[in-house]
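# Descriptive structure summary
Letter by letter, the chains look like this.
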Amino acid sequence: MALLFTGRNLLKGNSATVLAKASTGAVIRKSSWWSHVEEGPPDVIFGVVEAYNRDDHPQKVNLGIGAYRDDNGKPWVLPVVRKAEKMLQEKELDKEYAGIMGYETFRKAAAKLAFGPQGDFIENGLYTTAQTISGTGALRLAANYLKKYFPYDKKVYVPDRTWGNHVPVLSHAGLATDTYKYYNPNTCMFDPEGAYDSLKNLPKNSLVLFHACAHNPTGADPYPEHWEEISKICKDRNHFIFIDMAYQGYATGDLNRDAFAVRQFVKDGHKLLLTQSFAKNMGLYGERVGAMTILTDSKEETKAVESQVKIIIRPMWANPPINGARIATIILSTKELYDQWLVEVKSMADRTILMRERLHEGLEKEGSKLNWSHITGQIGMFCFSGLNEQQVQRLRDDFHIYMTKDGRISIVALTTKNVDYVAKAIHEVTK
Ligand code: IK2
């Protein structure tokens, strides 16, 4: 087709679109459809991984991503997961779609795991659980549901310091966000008085997001007595509890202890919304296994809520992935596998706690005069070290040690082989 170029710029700057005229006289676009798209910043967490991968120094250490590593620094597939996979393979299951809400057995098992003895409402049908695309999918589904149906101000109060993806997930669904006081930068621990005060001063009927355990990024968890007080304040103010549990079992090594907050809220009569992830506690990261649960007041309400959850899921991912959910289900519902899983979850938590101790000892051995007690005082996969941006940059430039620039250390990336090197480097940049 002969083209007569007019060379006319339709838009200015780097959004130039040159129009061309075909011999028929019709005006067509000549330049790319996407010349106006500007490159965005890298993801704060995955961006660290990319920078680490580009570094070829033999002693490099990646303390950025929150994914468990064994003492050789290698990803660890839980032996119970391997066993479950073998059992599933022998069943020669089909690859049909799961229902929109996912597998019935998985949904019930996930809810039972979270609520334990506080889960009477499960047998009474006063809840609905959707199988989701891991914890992120659960959060996104929750956000879309709350945006549509939360009856009061559609603003989510998140802890001041929260997982870097919380606000993007919530705001992509159209929810406003704000913060409540959570972390004390002086002690590097949870700030109970600040949190109580903040929660008391939120408008009544606020929508409040909590991390159930192993707070990301701070590793600073409320103690049981703090949760009791938080629950009471939220009840008095009629706040809605939106609780994200991405690390059940991973914090203390005990699935029940880690679910304390969730169960305390239920015990106190909160009809909450819960998101769950099996990425960390079963090591099913890439399998994307998660759940979202909403508690209801009646079976009629359950029916209505579930129907609307389905309506939200259908145009998002239609049906959840089946493989990981089958693995999780067989582990949760087979005694032998479940018992093995408990031991393996605990071993991950124990190695994490040990690495905290070793890092702390290493800094003491180096002769650091700073107070590093928060390294062992915090819990879970991450330590919020208190290192500032310049120190983080020096660790990267001088020692090839990578972490997010807020100073978050993924403790599970430490091993008996690299922990002393990391301690020495941290001491050097904080002298
Ligand atoms: N909620 C919280 C609090 C999380 O920490 C995560 C996982 N984050 O892990 C990556 C990192 O911070 O390095 C999630 C939800 C959701 O995780 P997923 O979608 O993998 O289940």
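Residues numbered from 1 in each chain as written. Predicted model: local features only at pLDDT ≥ 70, side-chain atom pairs only at ≥ 80, totals over all residues. Heavy atoms only, no water.

## What about the nonpolar core?
- Phe106, Tyr247, Phe278, Met282, Ile331 and Trp341 are the most contacted members of the largest nonpolar core, which has 38 residues in total.
- Sorting the residues of this core by element identifies helix H2 (79-91), helix H3 (104-115), strand S13 (289-295), helix H12 (323-333) and helix H13 (335-366) as the ones contributing at least two each.
- With six residues, H12 is the single largest residue contributor to this core.
- Looking at this core, you find at least three residues from each of domain 2 (44-76 + 346-430) and domain 3 (97-333).
- If we ignore the near neighbours within four places in the chain, the residues touching tyrosine 247 are Cys213, Ala214, Asn216, Asp258, Lys280, Met381 and Phe382.
- Ala212, Ile243, Val262 and Val266 belong to the second largest nonpolar core, which has 36 residues in total. (Core = buried A, V, L, I, M, F, W, Y, C linked by side-chain atoms within 4.5 Å. Buried < 20%, exposed > 50% of the residue type's maximum accessible area, 1.4 Å probe, protein only. Helix = DSSP H or I, 4+ residues; strand = E, 2+ residues; numbered from the N terminus. Domains from an automatic or database assignment. Contact = heavy atoms within 4.5 Å.)

## As for the packing of aromatic side chains
- Taken as a whole and assessed by the stated rule, the structure comprises 19 aromatic pairs.
- Judged by centre distance (4.9 Å) and plane angle (80 degrees), the ring pair of phenylalanine 115 and phenylalanine 121 falls under edge-to-face. The exposure classification of phenylalanine 115 matches that of phenylalanine 121, with both residues buried.
- Between phenylalanine 150 and tyrosine 152, the aromatic rings sit 6.2 Å apart at their centres with planes inclined by 65 degrees, giving edge-to-face as the arrangement.
- On the basis of relative accessibility, which here comes to 7%, the residue phenylalanine 150 falls in the buried class.
- Aromatic ring contacts, followed pair by pair, group Tyr68, Trp76, Tyr247, Tyr250 and Phe382 into a single cluster.
- Above the ring of tyrosine 52, the side-chain terminus of lysine 60 is found at 4.2 Å from the ring centroid.
- Sitting over the face of the ring of phenylalanine 382, arginine 408 holds its NZ or CZ atom 3.7 Å from the ring centroid. (Phe/Tyr/Trp six-rings, centres within 6.5 Å; stacked < 30°, edge-to-face > 60°. Lys NZ or Arg CZ within 6 Å of the ring centre and 35° of its normal.)

## Thoughts on the site of the ligand
- The immediate surroundings of the ligand are formed by 18 residues, with Ser134, Thr136, Asp244, Tyr247 and Ser277 found nearest.
- Within the backbone of glycine 135, a nitrogen or oxygen atom sits 2.8 Å from an oxygen atom of the ligand.
- Arginine 288 places a side-chain nitrogen or oxygen 2.8 Å from an oxygen atom of the ligand.
- Starting from 500 Å² of accessible surface for the ligand in isolation, the protein chains cover 93%.
- Per-element tally for the shell around the ligand: the top contributor is helix H5 (residues 134-149), with four residues.
- Residues of the shell around the ligand, tallied by class, amount to seven nonpolar, seven polar and four charged. (Near = heavy atom within 4 Å. Polar contact = N/O pair within 3.5 Å; in protein donor to acceptor, adjacent residues only side chain to side chain. Areas by Shrake-Rupley, 256 points an atom, 1.4 Å probe, with all protein chains shown as cover. Nonpolar A, V, L, I, M, F, W, Y, C, P; charged D, E, K, R; others polar.)

## Digging into the pairing of strand S7 (residues 176-180)
- Relative to S7, strand S6 (residues 155-159) runs parallel, the two being bridged by five bridges. Within S7, the position partnered with lysine 155 by the bridge is alanine 176.
- Regarding the hand of the β-α-β motif, the stretch spanning S6, helix H6 (residues 166-172) and S7 is right-handed. (Pairing = 2+ DSSP bridges. Right-handed = clockwise from strand over helix to strand, strands pointing away.)

## Quick word on the pattern of salt bridges
- For the structure shown, the criterion picks out 17 salt bridges.
- In this structure, the salt-bridge partner of arginine 326 is aspartate 94, at a minimum N-O distance of 3.7 Å. Separated by 232 residues along the polypeptide, arginine 326 in helix H12 and aspartate 94 in the loop between H2 and H3 bring together distant segments of the chain.
- Aspartate 94 gets classed as partly exposed once you look at its relative accessible area, which sits at 45%.
- Its salt-bridge partner being lysine 108, residue glutamate 123 comes within 3.5 Å of it at the nearest N-O pair. Pair noted here: glutamate 123 is in helix H4 (residues 120-123) and lysine 108 is in helix H3, with a separation of 15 residues, a long-range link.
- On the basis of relative accessibility, which here comes to 52%, the residue glutamate 123 falls in the exposed class.
- What you see here is one network of salt bridges that share partners, running through Asp71, Arg351 and Lys417. (Salt bridge = Lys/Arg side-chain N within 4 Å of Asp/Glu carboxyl O.)

## Comments concerning the sheet that holds strand S11 (residues 240-245)
- Pairing in this open sheet of seven strands is mixed, and the strands run S5-S13-S12-S11-S10-S6-S7 from one edge to the other. Every interior strand has two partners, whereas the edge strands, strand S5 (127-133) and S7, have only one. For this sheet the average axis-to-axis angle between neighbouring strands, irrespective of direction, equals 20 degrees.
- Where S11 and strand S12 (residues 273-277) come together, four bridges link them in parallel fashion. Each residue of the ladder has a partner; that of phenylalanine 242, found in S12, is leucine 273.
- Sheet strands in contact with H3 are S5, S11, S12 and S13, and its direction is about 105 degrees off that of S5. (Axes fitted to C-alpha atoms, helices over the stretch in contact; angles between N-to-C directions.)

## Quick notes on the confidence of the model for the protein chain
- Predicted confidence across the protein chain gives a mean pLDDT of 93, with 93% of residues reaching 70 or more.
- Residue range residues 1-18 is modelled with pLDDT below 50. Its contacts to residues more than four positions away, or to other chains, number 38 contacts. (pLDDT = per-residue confidence, 0-100.)

## Some details on the state of the cysteines
- Taken as a whole, this structure holds zero disulfides when the rule is applied.
- A disulfide-free cysteine, cysteine 213 has its sulfur positioned 17 Å from the sulfur of cysteine 383, the nearest such atom.
- Not part of a disulfide, cysteine 234 finds its nearest cysteine sulfur in cysteine 213, a span of 17 Å. (Disulfide = S-S within 2.5 Å.)

## Some details on the pairing of S13
- Among the seven residues that make up S13, seven are buried, leaving the element largely enclosed by the rest of the structure.
- In terms of strand pairing, S12 meets S13 through five bridges, oriented antiparallel. Its bridge partner being in S13, threonine 275 is matched across the sheet by methionine 292.

## Observations concerning H12
- Counting buried positions along H12 yields nine of eleven residues, so the element is predominantly enclosed.
- The complete set of buried residues in H12 reads Gly324, Ala325, Arg326, Ile327, Ala328, Thr329, Ile330, Ile331 and Leu332.
- Contact partners of the buried residues in H12: H2, H3, S5, S13 and H13.

## Some words on unusual backbone geometry
- Going from asparagine 216 to proline 217, the amide bond is cis rather than trans, its omega being 20 degrees.
- The residue serine 134 is not glycine, and still its phi comes out positive at about 55 degrees.
- Inspection of the secondary structure puts serine 134 in helix H5.
- With relative accessibility at 1%, the residue serine 134 sits in the buried group.

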